Each structure stands twice: as structure tokens, then as C-alpha cells.
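Observations on the three-dimensional arrangement
Residues per chain are reported as follows:
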2 protein chains.
Amino acid sequence: MTAVVSVFSASPDGGRGLARDMAVRWALIEAGVAHDLRTLSFAELKTQAHKARQPFGQIPTYEADGLTLFESGAIVLHIAETHGLLPQDYAARARAIVWMFAAVSTLEPVIVEREVAVLLECDRPWTPERLPLIAARLRARLADLADALGDRPWLEAGFSAADIMMVCALRRPAAVLLLPEFPAVAAYVARAEARPAFMQAFADQKARWQADQARRA
Amino acid sequence: MTAVVSVFSASPDGGRGLARDMAVRWALIEAGVAHDLRTLSFAELKTQAHKARQPFGQIPTYEADGLTLFESGAIVLHIAETHGLLPQDYAARARAIVWMFAAVSTLEPVIVEREVAVLLECDRPWTPERLPLIAARLRARLADLADALGDRPWLEAGFSAADIMMVCALRRPAAVLLLPEFPAVAAYVARAEARPAFMQAFADQKARWQADQARRA
């Protein structure tokens with residue numbers, strides 16, 4: 001049975017692979033699971049039909065084996081549990097799940113805070129003054145992450161779903177701006193982006209975005 | 001073997017049970033697992049000894065069975081997997097984990113955004129104008145949550161770890177301010193707070209906070 005993943009029909013990221021389906025499609029390619037896409041316009045996201053799949057009217061969703069799931073972290077964890085993207089060792093597996101939660105709950109909110117400021121409050125007079133405050137908060141998190149990573153190539157006992165979630169958070173623009181200050185973290189992201197499965201997942205969404213642009217032109 | 005949970009020696013919440021160890025201790029009491037506490041001052045949180053347990057210098061951590069875990073969501077998921085706080089049905093179990101991620105990744109960041117504004121940017125001239133913008137974003141999330149909950153007592157097939165994580169997010173002040181507009185969500189939180197395990201977890205931290213205050217007086 002082929003999985004179905006909901007994605008934006010025209011992602012607002014301009015084909016940079018920043019929409020939250022990226023982690024799900026990357027995980028599926030790492031796991032060798034075939035999948036189809038359901039492309040949705042912004043209007044379709046807010047319909048009852050889609051909210052029955054995703055109560056907050058967002059992407060991605062994941063349908064397979066009679067399941068309908070949302071939340072990229074939960075979907076990637078489900079794929080990881082069923083297709084071997086977590087360490088086999090008991091303690092390392094539990095720690096990898098810790099890092100999945102750290103990605104979406106400790107790193108990503110501070111990263112998204114800057115996106116909210118830039119996108120939703122861009123016309124507000126306070127935003128230029130707030131950006132350095134947000135950057136300082138994010139810098140503290142990245143420094144701690146760099147210390148925790150040390151000189152290991154991946155967060156926990158080999159590449160795992162933890163790295164998929166963490167790298168997808170770190171690829172967002174607010175983090176990318178600061179990565180030059182944290183060379184070990186920058187190298188970690190680059191190492192992940194060089195994986196064939198990442199490159200395939202990235203190329204897929206870029207081709208889709210370009211085709212959509214060509215259709216509109 | 002007794003689990004050990006790291007908590008604040010003096011929580012800044014004044015005994016209101018808002019620190020992130022609340023979800024972990026609540027889950028342990030629901031599961032009937034004995035636990036001890038390691039109380040940490042703010043200075044102790046930032047030591048190398050604690051950062052070896054929690055790279056971001058936060059609470060809670062959880063130690064048991066040779067594991068050292070952090071991130072309240074990951075700890076509660078681990079307790080839930082090992083002590084039956086997830087639905088047994090395959091699809092319902094996966095959906096409960098979805099709701100755990102939704103709590104920490106979709107609801108809580110918008111709730112915490114208001115806390116950051118009130119606590120870290122309270123002296124900034126823009127904060128009074130920003131609060132209604134943040135409230136509008138949170139209101140949209142709460143409306144979607146109310147629709148998803150409908151008239152069910154719990155998020156997924158009986159009380160589960162999903163409700164522990166969601167209710168702990170919804171008990172934070174920014175959400176509590178808006179709950180009167182969403183009676184089904186308010187009733188859901190009240191239903192959870194009436195559980196004996198919640199009441200025990202709440203009373204434990206309140207007694208600890210009061211004892212600490214008396215010691216300082």
C-alpha cells in the first residue's frame with residue numbers, strides 16, 4: 001500500500017524545501033517507502049474535508065495502513081518506528097525520541113518566532129528592535145545544541161529520525177542566519193543535506209514548485 | 001527501581017503547577033510509578049553536571065532503568081509506552097502520539113509566545129500592542145482544538161498521555177485567559193484537573209513551594 005502525504009500545491013517558500021512535509025517525505029525516502037502526494041491550495045486547507053484530516057488546517061498529513069496522522073514529528077516517529085529509522089539499542093532509541101521533541105519543542109519555536117515577526121508583524125514599528133532579542137534567545141539554544149553535538153556526526157548512535165527533525169528545524173531561515181557562528185552545527189546540517197534521500201526529497205519539491213510556477217506563467 | 005525527576009527547587013510559578021515537570025509527575029502518578037525528586041536552583045541548572053543530563057539547562061529530566069531523558073513530551077511518551085498510558089488500539093495509539101506533538105508543537109509555542117512577551121519583553125513599549133496579535137493567533141488554534149474535541153471527554157479513546165500533554169499546555173496563563181470563550185475546552189481542562197493523579201501531582205508541588213517559602217521567610 002502506498003502512503004499519501006498532503007503538501008502545499010504552491011509552497012510559500014519558493015521551492016526551498018522549508019514546508020513541513022519535507023521531514024515526512026525525507027523520512028519516507030530514507031525508509032524506501034513509496035508515496036503519493038495530495039496537493040492542496042490554501043483555500044482547500046481550510047475546508048472541512050481537510051480539517052477532518054488535520055484539525056488546524058495545515059500540511060502535512062499522512063495516510064497509510066488505515067491511519068490518518070498529522071504533526072510532522074508524530075508522522076516521522078511513526079515512519080521511524082515501523083521502518084527502522086530509530087536506533088535499535090533501547091537507551092539510544094529513547095534518546096533519539098528525546099531529540100525529536102527537542103527539535104519541535106525547544107529549537108523550532110524560537111526559530112519560528114522570528115518568522116512570525118518577519119512575516120506577520122513585518123509592518124509593525126517594533127519588529128526591527130525585536131529581531132536582535134529573538135536572535136539572542138536562538139543563539140543560546142544553538143550554543144547548547146553545539147555543545148551537546150560535540151564532534152559526533154549525528155545526534156544519537158548513527159543517523160536517525162532525530163536528525164531528520166532537527167535538521168528540518170535548523171534549515172529554516174532564522175537558524176541559517178546564525179549557523180556561521182556554530183560551525184559544528186553548520187557542518188551537521190550540511191552532512192544531512194548531502195544524504196541522497198534528502199537530495200531526492202529536496203529535488204522533488206523544487207521540481208513541483210517550478211512546474212507550478214511554469215503553469216501560472 | 002525508583003525514577004528520579006529533576007524539578008525547580010523554587011518554581012517561578014508560585015506553586016501553580018506550571019513548570020514542565022508537572023506533566024512528568026502527573027504521568028508517573030497515573031501510572032503508579034514511585035519517584036524521587038532532584039531539586040535544582042537556577043544556578044545549578046546551568047552547571048555542566050546538569051547540562052550533561054539536559055543540554056539546554058532546563059527541567060525536567062527523568063532517570064530510570066539506566067536511561068537519562070529530557071523533554072517533557074519525550075519523557076511522558078516513554079512513561080506512557082512502558083506503563084499503559086496510550087490506547088491499545090493501533091490507530092488510536094498513533095493518534096494519541098499525534099496529539100502529544102500537537103500539544104508541544106502547535107498549541108504550546110503560541111501560548112509561550114505570550115509568556116515571552118510578558119516576561120522577557122515586559123518593559124518594551126511594543127508589548128501592549130503585540131498582546132492582542134498573539135491572542136488572535138492563539139484564539140484560532142483554540143477554536144480548531146474545540147472543533148476537533150467536539151463533545152468527547154478526551155482527545156483519543158479514553159484518557160491518555162495525549163491529554164496530559166495538552167492539558168499542561170492549556171493550563172498556562174495565556175491559554176487560561178481565553179478558555180472562557182471555548183467552553184468545551186475549558187470543561188476538558190477542568191475534567192483533567194479533577195483526576196486524583198492530577199490533584200496529587202498539583203498538591204505535591206504546591207506543598208514543596210510553600211515549604212521553600214517558609215524556609216526563606
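Look up: the structure comes first, before these words.
The following refers to the structure shown. Numbering of residues begins from 1 in every chain and follows the order in which that chain's sequence is written. By the order in which they are written, chains take letters starting at A while ligands take numbers starting at 1. Whole-chain, interface and lining totals are the exception, using all residues; otherwise, since this is a predicted model, local features are given only for residues with pLDDT of at least 70 and side-chain atom pairs are given and counted only at 80 or more. To obtain the side-chain values, all non-hydrogen atoms of the structure were included, while hydrogens and water were left out.

Re the sheet that holds strand 3 (residues 61–64) of chain B
Residues and elements named next belong to chain B.
- In this analysis, strands are considered paired if DSSP registers two or more bridges between them. Numbering of helices and strands runs from the N terminus; a helix is a DSSP stretch of H or I covering at least four residues, while a strand is a stretch of E covering at least two. In space, the 4 strands of this open sheet follow the order 2-1-3-4, with mixed pairing throughout. Both edges of this open sheet fall to strand 2 (35–40) and strand 4 (67–70), since each of them pairs with a single strand only. The average angle at which neighbouring strand axes cross in this sheet is 20°, direction not considered.
- Of the strand pairs in this sheet, strand 1 (residues 3–8) and strand 2 are connected by 6 bridges, and their pairing is parallel. From the neighbouring strand, S6 faces strand 2, where its bridge partner is R38.
- Contact definition: two residues touch when any of their heavy atoms are within 4.5 Å. Inter-axis angles, ranging from 0 to 180 degrees, are taken between N-to-C directions of lines fitted to C-alpha atoms, where helices are fitted over the stretch in contact. Running over the sheet, helix 4 (residues 72–83) touches strand 3 and strand 4 and is turned about 135° from strand 4.

Regarding the nonpolar core
- Residues belong to a common nonpolar core when they are buried Ala, Val, Leu, Ile, Met, Phe, Trp, Tyr or Cys residues joined through side-chain atoms within 4.5 Å. Working definition: with a 1.4 Å probe on protein chains only, accessible area under 20% of the residue-type maximum means buried, over 50% means exposed, and in between means partly exposed. A:W26, A:Y62, A:M166, B:W26, B:Y62, B:W99 and B:M166 are the most contacted members of the largest nonpolar core, which has 133 residues in total.
- Setting aside anything within four residues of it in sequence, one finds A:Y62 in contact with A:A3, A:V4, A:V5, A:V24, A:L28, A:L67, A:T68, A:L69, A:I75, A:H78 and A:I79.

Remarks on the packing of aromatic side chains
- Centre distance within 6.5 Å is the pairing criterion for rings of Phe, Tyr and Trp, where only the six-membered ring of Trp is used; planes under 30 degrees apart are then read as stacked, over 60 as edge-to-face, and the remainder as tilted. Applying the stated criterion across every chain, the model contains 19 aromatic pairs over all chains.
- Judged by centre distance (6.0 Å) and plane angle (40°), the ring pair of B:W26 and B:F159 falls under tilted. You can see B:W26 sitting in helix 1 (residues 21–31) and its partner B:F159 sitting in the loop between helix 6 (127–149) and helix 7 (161–170), a full 133 residues away along the chain.
- Exposure remark for B:W26: the relative accessible area of 0% places this residue in the buried category.
- Overall, the relative accessible area of 18% leaves B:F159 in the buried class.
- Taken together, the aromatic side chains of A:W26, A:W154, A:F159, A:Y188, A:F198 and A:F202 make up a single cluster linked through ring pairs.
- Criterion for a charge above a ring: Lys NZ or Arg CZ within 6 Å of the ring centre, and within 35 degrees of the ring normal. A cation over an aromatic ring shows up here: A:R191 above the ring of A:W154, its NZ or CZ 6.0 Å from the ring centre.
- Over the ring of B:F159 we find B:R195, and its NZ or CZ is 3.5 Å from the ring centre.

Re the environment of B:L86
- Position of B:L86 relative to the elements: it lies in the loop between helix 4 and helix 5 (90–120).
- Once residues within four sequence positions are removed from consideration, B:L86 is found in contact with B:L77, B:A80, B:E81, B:R93, B:A96, B:I97, B:S160 and B:A161.

Focus on a nonpolar patch on the surface
- A contiguous nonpolar patch, built from A:V118, A:L119 and A:L120 and spanning about 290 Å² of accessible area, is present on the exposed surface.
- Secondary-structure assignment places A:L120 in helix 5 (residues 90–120). To count toward a patch, a residue needs a relative accessible area above 30% and no salt bridge. Like charges then connect within 9 Å, nonpolar side chains (Val, Leu, Ile, Met, Phe, Trp, Tyr) within 5 Å. Method for areas: the Shrake-Rupley scheme with a 1.4 Å probe, in which residue coverage is limited to the protein chains shown. What counts as a salt bridge is simple: a side-chain nitrogen of Lys or Arg found within 4 Å of a carboxyl oxygen of Asp or Glu.

What about the pattern of salt bridges?
- One pass over the structure, following the stated rule, counts 38 salt bridges over all chains.
- A:R171 is paired through a salt bridge with A:E193; the nearest N and O atoms lie 2.7 Å apart. Here A:R171, found in the loop between helix 7 (161–170) and helix 8 (173–178), pairs with A:E193, found in helix 9 (residues 183–193); they are 22 residues apart in sequence, far enough to count as distant.
- A salt bridge links B:E156 to B:R95; the nearest nitrogen and oxygen atoms lie 3.9 Å apart. Separated by 61 residues along the polypeptide, B:E156 in the loop between helix 6 and helix 7 and B:R95 in helix 5 bring together distant segments of the chain.

Points about the interface of chain A and chain B
- On the chain B side, the residues contacting the 45 residues of chain A number 45 residues.
- Buried area adds together the accessible area that both of two parts lose upon being put together, with accessible area traced by a 1.4 Å probe. Between chain A and chain B, roughly 4200 Å² of surface is buried when both sides are summed, and carbon and sulfur atoms account for 64% of that area.
- Looking only at chain A, the three residues that lose the most surface to chain B are A:F56, A:F101 and A:W126, adding up to 17% of its buried area.
- In this structure, A:E81 and B:R93 form a salt bridge, with 3.6 Å as the shortest nitrogen-oxygen distance.
- Two N or O atoms form a polar contact when they lie within 3.5 Å of each other; inside protein one atom must be a possible hydrogen donor and the other a possible acceptor, and for residues adjacent in sequence the pair counts only when both atoms belong to side chains. Scanning the region where chain A abuts chain B turns up 10 residue pairs in polar contact (both at pLDDT 80 or more).
- Looking at the side of chain A that touches chain B, the elements that each hand over two or more residues are helix 3 (48–53), strand 4 (67–70), helix 4 (72–83), helix 5 and helix 6 (127–149) of chain A.

Digging into the packing of helix 5 of chain A against helix 7 of chain A
Residues and elements named next belong to chain A.
- At a minimum axis separation of 8 Å, helix 5 and helix 7 run at an interaxial angle of 5°. With respect to each other, helix 5 and helix 7 are oriented roughly parallel. Taking contact as the criterion, the partners of A96, W99, M100, A102, A103, V104, L107, E108 and I111 in helix 5 are, on helix 7, A161, A162, M165, M166 and A169.
- When residues are sorted by character, Ala, Val, Leu, Ile, Met, Phe, Trp, Tyr, Cys and Pro go into the nonpolar class, Asp, Glu, Lys and Arg into the charged class, and all the rest, Gly among them, into the polar class. Per-class residue counts for the contact of helix 5 with helix 7 are 13 nonpolar, no polar and 1 charged. Just so you know how the angles are binned, under 35 degrees is roughly parallel, over 145 roughly antiparallel, 65 to 115 roughly perpendicular, and the rest oblique.

Section: helix 7 of chain A
Residues and elements named next belong to chain A.
- Of all 10 residues in helix 7, 10 are buried; the element is thus mostly enclosed.
- Those residues of helix 7 that sit buried are A161, A162, D163, I164, M165, M166, V167, C168, A169 and L170.
- In this structure, the buried side of helix 7 is in contact with helix 1 (21–31), helix 4, helix 5, helix 6, helix 8 and helix 9.

What to know about the side chain of A:Q205
All names here are of chain A.
- For Q205, the position within the fold is in helix 10 (residues 196–216).
- For Q205, a relative accessible area of 6% corresponds to the buried category.
- Polar side-chain contacts of Q205 include one of 2.8 Å to the backbone oxygen of F202.
- Among residues more than four places away in sequence, those in contact with Q205 are D13, G15, R16, G17, M22 and R25.

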